[in-house]
Amino acid sequence: MAETATRSKPAGSGSKGRRGGTRSGGSRGQQSQGKTAPRAESPETLRDYFRQMSLIRRFEERAAQGYTQAKVGGYCHLNLGEEATVVGLMSALRRSDYLFTNYREHGYAIAKGIEPGKVMAELYGRTTGTSKGLGGSMHMFDTEVGLLGGYGIVGGQIPLATGAALAIDYRGGDEVVMCQMGDGTTNIGAFHESMNIAALWNLPVVFVVINNYLGMGTTVEMSSAESELYKRAVAYRMHGERVDGNDVVAVQEAAGRLVEHARKTGEPAMLEAVSHRMKGHSVVDPAKYRNSEDAEAAREADPVAAFREQLISADVLDEDGAAEIERAVQADVDAAVAFADDSPHPDPATLFDYTYATPVANDSRRLPADPVF
Amino acid sequence: MAVITYRQALHDTLREEMLSDENVFLIGEEIGVFEGSYKITAGLLEEFGEKRVRDTPIAEEGFVGAAVGAAMLGLRPVVELMTINFSLLALDQIVNHAAKIYGMFGGQSNAPMVLRTPGGGGQQLGATHSQNIELYYAFVPGLKVVAPSTPADARALLKASLADNDPVLFLENLALYNTKGEVPDDMPPAEIGKAGVTRTGSDITIIGYSRMATVATQVADQLGEEGISAEVIDLRSLRPLDRETLVESVRKTGCAVIAEDDWLTYGIGAEIAASISDGAFDYLDAPVRRVAAAEVPLPYAKPLERAALPSAESLNAAVRQTLDAVGHRR
Ligand SMILES: Cc1ncc(C[n+]2csc(CCOP(=O)(O)OP(=O)(O)O)c2C)c(N)n1
Ligand SMILES: [Mg+2]
């Protein structure tokens, strides 16, 4: 059951605060899933969740590999360990709903509906990528599926998402905006300014905080005076709640409820999904700062393995069926890598194509060694 | 043709644009109930309602960013930042977001918005409320920066900024709001990226923008009475910068003085001087001079403030010294 903090009730009444207080809580890493099939979902839906989670897992592993092969450059942050959260959240959105994320967004891009090949091609910096190779890992974008950007500046997406919700409200549309961010991001000014504005103006935006307990090497307790992050919503008289981010069905249920509420009433909400970052902050980070207990918990919590087991023991899937899905996503990822690898690099002659949307007199098109006159 | 103030030109143009496009809305601190810190938006809340004239909390990063997000979905927000000093609180949303939306995502989205904000000292507002930091924005590809100096330019450039599909920082100036000028009724939009030659002359080129462009025309007129023929260029657009126009003028006159309200070191004038060296080196008969603000946190006390800011007197003196260096006979 999700823990909630609402406008009317004081926050925290009855909250178990799984991540609250100290870091070494014994419940860390436990699954809330039992041996029965998850509620309310059809077997096909559950199998598709498993397929998407497996796809993201394989995709991210290949992205890391691409990085070590120097096919992928820059920073590369992975969704490993967060697959249940990603798939649950994206399943709560319509295609016409908008999504703003941070830089850890490959999985979101895929689950929102972008072809894995386009996502991989962006990592490879190719013209066929989600942002034509101009964005890279942190800056995926696709208007077709409503992904309005991954953003590399911590918190930068939050005012933008709030403004997108303002535009929806302005026009009387029925879309909803989801704004994803990390736990560390709830300490930045843009978060608080935007929460206030969204609540003040009643804007249809759901702020989702992925609490993987770490912002780079900094824990929630090191950085947040209120470590039960969903309670921060109360300061803005906004509904806030926490959900087990390792439980794809619970995430889908909670996010779906808040998204539909926002659609109906225009009211914003905040959802905290408690999850794990399985590896380092980015692919180059060996995460030496993590103690072994914590790293072990993250491994144990592996939501993909747990969901597989759960579906098999609930007879939603058998071993062969699971293996078949895994083979299929492996093929999808192979195809994505091949697509990316075969795609063209941008031509340097296109360097100035996207500086301005409206062409303008005297726009500089000078290369470094070109004379000004 | 009517003679109106710079303030009135802004107000009337905003109102017209709001009437003609319902996607245009105003957003900022104190623009509605309070009618604007400098009363540019007076009466607009009453006429258009809260949806079109949106008072915000004191949260520059939050509301500027919200305007960027709304622009990404096709609205055309006009943001009022009370003064350019407070734009620093929104620097991340302007520089890291508004300026990057079009290029970073490969042209899939854009942020058609206008950020109106006044700069300028001389009102005894002290160090934090008197700055001219338009350079911070003029430095950034992806932004456009315009700086009208007259009521007519205010109108023509505001129209152009609103028609533009990129984020435009629209620099106003506290000292210009009450200045008057002729504004033709059927003025076409200006062309962003073009400077204007506001006085033609052959002896010396004076280059300015915003308030100092008006000071430059005053000085040129004073000099004209003594038979000195000064050409005045009003940059109007700081990004893009119209180097052609100013270089062409300096090739004709052989010398130049730049008048700027910002600080000299690394300032807008430094870029202009470099451009003149790039394009008119062989034509120069004297070093390019810059008249700029003294490099101090601007003091409150009037005599100190006055001493720190460029003026018609200081510009006049620099022009005469340059003409002396050239050997101009008066
Ligand atoms: C404004 C800003 N400051 C610092 C950084 C460097 N940085 C990148 S990610 C990060 C940690 C963010 O942690 P969190 O919000 O928990 O997200 P997670 O990486 O866990 O998904 C930091 C400090 C940045 N990108 N932007
Ligand atoms: Mg985190």
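Position numbers for residues count from 1 along each chain, tracking the sequence in the order it is written. Naming scheme: in the order in which they are written, chains are lettered from A and ligands are numbered from 1. Given that this is a predicted model, residues contribute local features only at a pLDDT of at least 70 and side-chain atom pairs are listed and counted only at 80 or more, while totals for whole chains, interfaces and linings are drawn from all residues. Calculated side-chain values reflect all of the structure's heavy atoms, with hydrogen atoms and water omitted.

Enquirer: Help me understand the overall build of chain B in this model?
Expert: Each helix corresponds to a stretch of at least 4 residues labelled H or I by DSSP, and each strand to a stretch of at least 2 residues labelled E; elements are numbered beginning at the N terminus. On a plain count of helices and strands, chain B comes out with 12 helices and 14 strands. Values of the radius of gyration come from C-alpha atoms, whereas the globule rule sets the reference at 2.2 Å times the count of residues to the power 0.38. Expected size for 330 residues packed as a compact globule is a radius of gyration near 20 Å; at 20 Å, chain B falls within 12% of this value. When the backbone C-alpha atoms are referred to their principal axes, chain B occupies close to 60 × 45 × 40 Å. Residue burial in chain B is summarised as follows: out of 330 residues, 60% are buried. Under the scheme applied here, a residue whose accessible area is under 20% of the maximum for its type counts as buried, over 50% as exposed, and between as partly exposed, the area being computed with a 1.4 Å probe on protein chains only.

Enquirer: Could you clarify how one ought to interpret the overall build of chain A in this entry?
Expert: Broken down by element type, chain A carries 11 helices and 9 strands. Each of the three principal axes of chain A carries a C-alpha extent, and together these read 70 × 50 × 40 Å. The buried share among the 373 residues of chain A stands at 57%. Throughout, a residue-residue contact means that at least one pair of heavy atoms, one from each residue, lies within 4.5 Å. Relative to all contacts within chain A whose residues are 6 or more apart in sequence, the contacts with residues 24 or more apart total 74%. Computed with a 1.4 Å probe, the accessible areas rest on the Shrake-Rupley method; for each residue, only the protein chains presented here act as cover. As displayed, chain A has an accessible area near 14600 Å², and 52% of this comes from carbon and sulfur atoms. Both charge centroids of chain A, one from 39 positive and one from 50 negative side chains, sit 3 Å from each other. Charge counting follows a simple rule: Lys and Arg are positive, Asp and Glu are negative, and His as well as the terminal groups are ignored. To locate a charge, take atom NZ for lysine, CZ for arginine, CG for aspartate or CD for glutamate.

Enquirer: Is there a simple way to think about the confidence of the model for chain B in this case?
Expert: Parts of the model with low pLDDT should not have their predicted coordinates read in detail. pLDDT measures the predictor's confidence residue by residue and takes values from 0 up to 100. When pLDDT is averaged along chain B, the result is 97; 99% of the residues meet or exceed 70. Complex prediction metrics read pTM 0.93 and ipTM 0.93.

Enquirer: Sorry, what's going on with the packing of aromatic side chains here?
Expert: Ring pairs (aromatic) are described by centroid distance and by the angle formed between their planes. Ring pairs are drawn from Phe, Tyr and Trp, using the six-membered ring of Trp, whenever the two centres fall within 6.5 Å, and their geometry is named by plane angle: stacked under 30 degrees, edge-to-face over 60, tilted for the rest. Throughout the structure, instances matching the rule amount to 7 aromatic pairs over all chains. Ring geometry for Phe-100 of chain A and Tyr-151 of chain A: centres 6.2 Å apart, planes at 20 degrees, overall stacked. You can see Phe-100 of chain A sitting in strand β2 (residues 98-101) and its partner Tyr-151 of chain A sitting in the loop between β3 (147-150) and α5 (157-171), a full 51 residues away along the chain. Across the pair, exposure class does not vary: Phe-100 of chain A and Tyr-151 of chain A are buried alike. Linked through ring pairs, Phe-100, Phe-141 and Tyr-151 of chain A together with Phe-105 of chain B together constitute an aromatic cluster. Working rule: Lys NZ or Arg CZ, within 6 Å of ring centre, within 35 degrees of ring normal, means a charge sits over the ring. One Lys or Arg, Lys-51 of chain B, reaches over the ring of Tyr-170 of chain A and ends 4.4 Å from the middle of that ring.

Enquirer: Looking at this model, I keep getting lost on the interface of chain A and chain B. Mind explaining?
Expert: Tallying the contact residues gives 48 residues for chain A and 62 residues for chain B. Summed over both partners, the accessible surface that disappears when two parts come together, traced with a 1.4 Å probe, is what is meant by buried area. Carbon and sulfur atoms make up 64% of the surface buried where chain A meets chain B, a total of about 4200 Å² over both sides. Interface area lost by chain A to chain B is led by Tyr-170, Tyr-356 and Phe-373 of chain A, which between them contribute 20%. Between Lys or Arg on one side and Asp or Glu on the other, a salt bridge is scored when a side-chain nitrogen of the former is within 4 Å of a carboxyl oxygen of the latter. Put simply, chain A and chain B have 0 salt bridges between them. Whenever a nitrogen or oxygen atom comes within 3.5 Å of another N or O atom, the pair is scored as a polar contact, on the condition that within protein one atom can donate a hydrogen and the other can accept it, and that pairs from neighbouring residues in sequence are kept only if both atoms are in side chains. Inspection of the region where chain A meets chain B yields 22 residue pairs in polar contact (both at pLDDT 80 or more). Among the secondary structure elements, those contributing two or more residues to the side of chain A that touches chain B are β2, β3, α5 and α6 (189-200) of chain A. The dominant element in the side of chain A that touches chain B, judged by the number of residues it contributes, is α5 of chain A, at 11 residues. Per-class residue counts for the side of chain A that touches chain B are 26 nonpolar, 15 polar and 7 charged. Asp, Glu, Lys and Arg are counted as charged, while Ala, Val, Leu, Ile, Met, Phe, Trp, Tyr, Cys and Pro are counted as nonpolar; the rest, among them Gly, fall into the polar class.

Enquirer: Whenever I open this one, the pairing of β2 of chain A confuses me. Can you help?
Expert: As a general feature of sheets, a regular strand has side chains that alternate between the two faces. All names here are of chain A. Burial along β2 is two-sided: Tyr-98 and Phe-100 facing one way and Leu-99 and Thr-101 facing the other are all buried. Note on pairing: DSSP must find at least two bridges between two strands before they are called paired. Here β2 runs beside strand β4 (residues 177-182); their pairing, made up of 3 bridges, is parallel. Residue pairing in the sheet places Phe-100 in a bridge with Cys-179 of β4. Relative to β3, β2 runs parallel, the two sharing 2 bridges. Residue Thr-101 lies in a different strand from β3, and its bridge partner there is Gly-150.

Enquirer: It is not clear to me how the packing of helix α2 (residues 83-91) of chain A against helix α8 (residues 248-265) of chain A should be interpreted in this structure. Could you clarify?
Expert: All names here are of chain A. Note on geometry: axes are lines fitted to C-alpha atoms, helical ones only across the stretch in contact, with angles between N-to-C directions running from 0 to 180 degrees. Closest axis-to-axis distance for the α2/α8 pair is 7 Å, and the angle between their directions is 35 degrees. Crossing angle aside, the handedness with which α2 passes α8 is right-handed. Between α2 and α8, the residues in contact are Ala-84, Thr-85, Val-87, Gly-88, Leu-89 and Ser-91 and Val-248, Val-251, Gln-252 and Ala-255, respectively. For the contact of α2 with α8, the per-class residue count stands at 6 nonpolar, 4 polar and no charged. Rotating anticlockwise by less than a right angle from the far helix to the near helix defines a left-handed crossing, while the corresponding clockwise rotation defines a right-handed one.

Enquirer: Explain helix α8 (residues 211-225) of chain B to me, please; I cannot follow it from the model alone.
Expert: An α-helical turn contains 3.6 residues, so any two residues separated by three or four positions project in the same direction. Residue and element names in this part refer to chain B. A helix's residues, less one, multiplied by 1.5 Å, set its expected span. When the terminal C-alpha atoms of α8 are compared, their 22 Å separation across 15 residues agrees well with the 21 Å that a helix rising 1.5 Å per residue should span. For α8, the set of buried residues is Arg-211, Met-212, Ala-213, Thr-214, Val-215, Ala-216, Thr-217, Val-219, Ala-220 and Leu-223. Tucked inside the fold, the buried residues of α8 contact β7 (168-173), β9 (196-199), β10 (204-208), β11 (230-234), β13 (256-263) and α12 (312-326). Taken from the residues just after α8, Gly-227 is the one with a positive phi, measuring 85 degrees.

Enquirer: Where do I start with the coordination of the magnesium ion (ligand 2) in this structure?
Expert: Tetrahedral metal sites with four donors have an ideal angle of 109.5 degrees; octahedral sites with six donors have ideal angles of 90 or 180 degrees. Residue and element names in this part refer to chain A. Shown as donors are all N, O and S atoms within 2.8 Å of a metal ion, widened to 3.2 Å for Na, K and Ca; because water is not in the atom set, sites may appear incomplete. Every protein donor of the magnesium ion (ligand 2) is accounted for by Asp-183 (OD), Asn-212 (OD1) and Leu-214 (O), and the metal-donor separations fall at 2.0 to 2.3 Å. Sequence positions of the donors to the magnesium ion (ligand 2) reduce to the motif D-x28-N-x1-L. In this pair, Asp-183 sits in the loop between β4 and α6 while Asn-212 sits in the loop between β5 (205-211) and β6 (214-215), placing the two residues 29 residues apart along the sequence. Note on accessibility: Asp-183 and Asn-212 belong to one class, buried.

Enquirer: Which parts of the structure should I look at to understand the site of ligand 1?
Expert: Residue and element names in this part refer to chain A. Taken together, 15 residues form the shell around ligand 1, and within it Tyr-103, Arg-104, Gly-184, Thr-185 and Leu-214 come nearest. For ligand 1, whose unbound accessible area comes to 590 Å², protein coverage reaches 72%. Grouping the constituent residues of the shell around ligand 1 by class yields 5 nonpolar, 8 polar and 2 charged. Residues are counted as near a molecule or strand when any one of their heavy atoms sits within 4 Å of it.

Enquirer: Looking at this structure, I do not really get the layout of surface pockets. What am I missing?
Expert: Think of a ball as big as a water molecule: rolled over the atoms, this probe shows where empty space is left. A pocket, in this scheme, is an open set of points on a 1 Å grid over the protein atoms alone with protein on both sides within 12 Å along at least 5 of 7 lines, while a cavity is a set where a 1.4 Å probe fits but cannot get out; residues line either one if an atom lies within 4 Å of a point. Grid points are joined across faces, edges and corners, and a volume is the space filled by probe spheres set on the points. For the largest pocket, the calculated volume is near 1300 Å³. Contributing to the lining of the largest pocket are 43 residues, with Thr-355, Asp-363 and Ser-364 of chain A together with Pro-141 and Arg-239 of chain B lying nearest its centre. When residues in the lining of the largest pocket are grouped by element, the largest group, 5 residues, is from helix α10 (residues 268-280) of chain B. Looking at the lining of the largest pocket residue by residue, the class counts come to 23 nonpolar, 8 polar and 12 charged.

Enquirer: What is the right way to read the domain arrangement of chain B from this model?
Expert: Interface size, as often reported, equals the accessible area lost upon joining of the parts. Residue and element names in this part refer to chain B. Domain annotation of chain B identifies domain 1 (2-183) and domain 2 (196-325). Taking the mean C-alpha position of each, domain 1 and domain 2 sit 26 Å from one another. Listed as interface residues are 31 residues of domain 1 and, on the opposing side, 24 residues of domain 2. Approximately 2100 Å² of surface area, both sides summed, lies buried where domain 1 meets domain 2, with 56% of it carried by carbon and sulfur atoms. Counting across the interface, domain 1 meets domain 2 through 1 salt bridge. With its nearest N and O atoms 2.7 Å apart, the salt bridge here joins Asp-153 to Arg-236. Where each domain begins and ends follows an automated or database-derived domain assignment.

Enquirer: Can you help me understand the sheet that holds strand β9 (residues 269-274) of chain A in this one?
Expert: Residues and elements named next belong to chain A. Read across the open sheet, the 7 strands follow the order β1-β8-β9-β5-β4-β2-β3; overall the sheet is mixed. Each edge of the sheet is formed by a strand with only one pairing partner; in this case those strands are β1 (3-5) and β3. Across this sheet, the average inter-strand angle for adjacent strands is 15 degrees, counted without regard to direction. Bridging between strand β8 (residues 239-244) and β9 involves 6 bridges; their strand directions are parallel. Its bridge partner lying in β9, Glu-241 is registered against Leu-271. Of the strands in this sheet, β4, β5 and β9 are in contact with α6, which crosses β5 at around 145 degrees. Sitting on the sheet, α8 touches β4, β5, β8 and β9, and the angle it makes with β8 is about 160 degrees.

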